Amino acid sequence: MSAQPIIHIENVHKHFVGVHALRGVNLDVQLGEVVVILGPSGSGKSTLLRCINRLEEFDQGQIIVDGIPLDTTENINAVRAEVGIVFQQFNLFPHLTAMENITLAQKVVRKRDIKDARGVALDLLEKVGIPEKADNYPLQLSGGQQQRVAIARALAMNPRIMLFDEPTSALDPEMIQEVLDVMLDLAQEGMTMVVVSHEMGFAKAAADRAILMDEGQIIEEAPPEILFTNPKHERTKTFLSKVL
Amino acid sequence: MPPKYIPHTSANPLVDRLKSADRWWLLVIIVVALIVILIVFKPDPYLRILLFARDGVWVTFYTTIISFSMVLVIGLIGGLGRISHNKLINGIASIYVEIVRGVPLLVQLIFWYFAFPSLIQDLGDAWNIPALSTYKANPLLMAILGLTFCYSAYMSEVYRAGIESIPKGQMEAARSLGMNYVQAMRYIILPQAVRMILPPVGNEFITLLKDSSLVSVVAVADLTRRGREFMAANFIPVQTWFMVALLYLILTLVAARVVSWLEKHSRYER
């Protein structure tokens, strides 16, 4: 394994009211690695993902992203600038066009001028396959198109890490593949990705490692072909038998 | 044979436009026409009332506009205070809203006009500051202050509800793109919240317009006060108050049309 992991998660605990959501999670992600996290609902996988850019606070332990510990407000903002996230519900800004969704943060956070920001946005819309939708509002787009704009919006900030929180769970079946294709391209380009998803096809094709979480803990981790075909842990077997 | 589909368009585009036009404007036109008819055919007393009360209409109009402009700003500050996680800011905003909501507007207006200046004078006497001891209240200023103070509290709640109605994911998306809280509010949350609250804001405006009649009690010569003066001099209550009511009605109907136009033109395209 290479020297320093780009994401270092060490003994992280998180409590919600009455729920011990994360119970001492340890995880290192290397630069360029694609990690897929699986697990039953309520297992803490989304919570863990959201801890990486501090959308959730954690109670104990530490997370270091690209050498920056997530403690001070300043550091949190620095980390957020390097980490893109794609949500299950897209969370596009409905009052802005696809183009404006992608250019806004470039302008106000990265301080790019409008021309540069538009150039970046057009390239990214091209990359996700919908350059013709630049001037459409989110509500005029299909779910798959919205999610692709959301990916472009995150990429426009030039993140070193991309987080995906069940990116295809809210999509109609026929739209899942177009989003997965964009993610596969990203993985092939060497983007570091942490993906919470049950898309086995994507995991097999792109992931270096698959992780099974249950009850706030990492139960088992292995390359996807091994985890899916030859799981060691009883809980992994139970889970896979329900999903596959 | 199934019935043929007949589209709801006619050959004449002008007819279509008139049909789709906001029909409530008709009501405005009717009220205006009624006033014109009364003035033309019964100038005595209706034209006399109108001429007597017209500066009152103006006072009512700008008192409302000035107050409401300030309400929009102070209400926003109050609303942001109400959602603040800072206990002190939240506490101040909450106490302000609760107190103002619990005291009748008329009592508040009377307080600002009669009690507040007296309080200032007492302070001037106590601290020996002559400028304060001789403080005299400007009725219009105190009335605008009173309306603003009261309605800003209501408006804080409208803003708060609007901001809270925006899904949490919007703030999360903005923050995870690296925007700070202020940027996220400015570019993402407020533009959506403002569209959301347009109907209740319009409602507040119209209510404020009507409640501004209360300032007639604290020495402001608004439409209601001019009506009372005219009645006292001429003893024709029916005609006087009919005319005053019609004048208020024009103001509120037009305001309602403007609000509905704004709502229509601020919807998201889909």
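Just so we're clear, the structure is a prediction, and the values are computed from it rather than from any experiment.

Quick notes on the rules
- Residues numbered from 1 in each chain as written.
- Chains lettered and ligands numbered in written order.
- Predicted model: local features only at pLDDT ≥ 70, side-chain atom pairs only at ≥ 80, totals over all residues.
- Heavy atoms only, no water.
- Pairing = 2+ DSSP bridges.
- Helix = DSSP H or I, 4+ residues; strand = E, 2+ residues; numbered from the N terminus.
- pLDDT = per-residue confidence, 0-100.
- Expected span 1.5 Å × (residues − 1).
- Bend = angle between axes of the 7 residues up to and from the residue.
- Polar contact = N/O pair within 3.5 Å; in protein donor to acceptor, adjacent residues only side chain to side chain.
- Buried < 20%, exposed > 50% of the residue type's maximum accessible area, 1.4 Å probe, protein only.
- Salt bridge = Lys/Arg side-chain N within 4 Å of Asp/Glu carboxyl O.
- Arc of directions from axis to C-beta.
- Patch = residues over 30% accessible without salt bridge, like charges linked within 9 Å, V, L, I, M, F, W, Y side chains within 5 Å.
- Areas by Shrake-Rupley, 256 points an atom, 1.4 Å probe, with all protein chains shown as cover.

## Observations concerning the sheet that holds strand β4 (residues 60-65) of chain A
All names here are of chain A. The antiparallel open sheet is built from four strands, whose spatial order is β2-β1-β4-β5. If you trace the sheet from one side to the other, it starts and ends with β2 (19-29) and β5 (68-69), each paired once. With eight bridges joining them, strand β1 (residues 7-16) and β2 adopt antiparallel strand pairing. Each bridged residue has a counterpart across the sheet, and for Ile9 the counterpart in β2 is Leu27.

## Here's the deal with the confidence of the model for chain B
Atomic detail in the predicted coordinates should be set aside for any region of low pLDDT. Of all residues in chain B, 91% attain a pLDDT of 70 or more, and the chain-wide mean is 91. Predicted complex, confidence summary: ipTM 0.92, pTM 0.87.

## Digging into helix α9 (residues 181-211) of chain B
Residue and element names in this part refer to chain B. Spanning 31 residues, α9 covers only 36 Å between terminal C-alpha atoms, well under the ideal 45 Å at 1.5 Å per step. Of all the bends found along α9, the most pronounced is centred on Leu198 and spans about 55°, while Pro199, a proline, follows it within four residues. Regarding α9, its N-cap is Asn180, as a side-chain oxygen of that residue lies 3.2 Å from the backbone nitrogen of Val182 further along.

## Some words on the environment of Trp58 of chain B
Residue and element names in this part refer to chain B. Within the secondary structure, Trp58 sits in helix α3 (residues 43-83). By relative accessible area, which is 52% here, Trp58 ends up exposed. In the structure, Trp58 is positioned 173 residues away from Met231 in sequence and 19 Å away in space, judged by C-alpha atoms.

## Points about the pattern of salt bridges
All names here are of chain B. Per the counting criterion, the structure on display carries 21 salt bridges over all chains. Where Arg225 meets Glu229, a salt bridge forms, and the shortest distance between an N and an O atom there is 3.6 Å. With Arg225 and Glu229 both in helix α10 (residues 223-234) and four residues apart, this pair spans about one turn of that helix. What makes Arg225 partly exposed here is its relative accessible area of 25%. Connected through salt bridges with shared partners, the residues Arg82, Glu98, Arg101, Glu157, Arg160 and Glu164 form a single ionic network.

## Some remarks on helix α4 (residues 87-102) of chain B
Residues and elements named next belong to chain B. The terminal C-alpha atoms of α4, which comprises 16 residues, lie 22 Å apart, in line with the 22 Å expected from a rise of 1.5 Å per residue. Buried within α4 we find Ala93, Ser94, Tyr96, Val97 and Val100. End-on, the buried residues of α4 take up no more than an arc of 160°, which puts them together on one face. Set apart from the buried face of α4 by more than 90 degrees, the exposed residues are Lys87, Leu88, Ile92, Ile95, Ile99 and Gly102.

## Some details on a nonpolar patch on the surface
Residues and elements named next belong to chain B. Together, Trp24, Trp25, Leu26, Leu27, Ile29 and Ile30 give the surface a local cluster of nonpolar side chains, amounting to about 640 Å² of exposed area. Looking at where Trp24 falls in the secondary structure, it is placed in the loop between α1 (13-20) and α2 (25-41). Residue Trp24 is classed as exposed on the basis of its relative accessible area of 54%.

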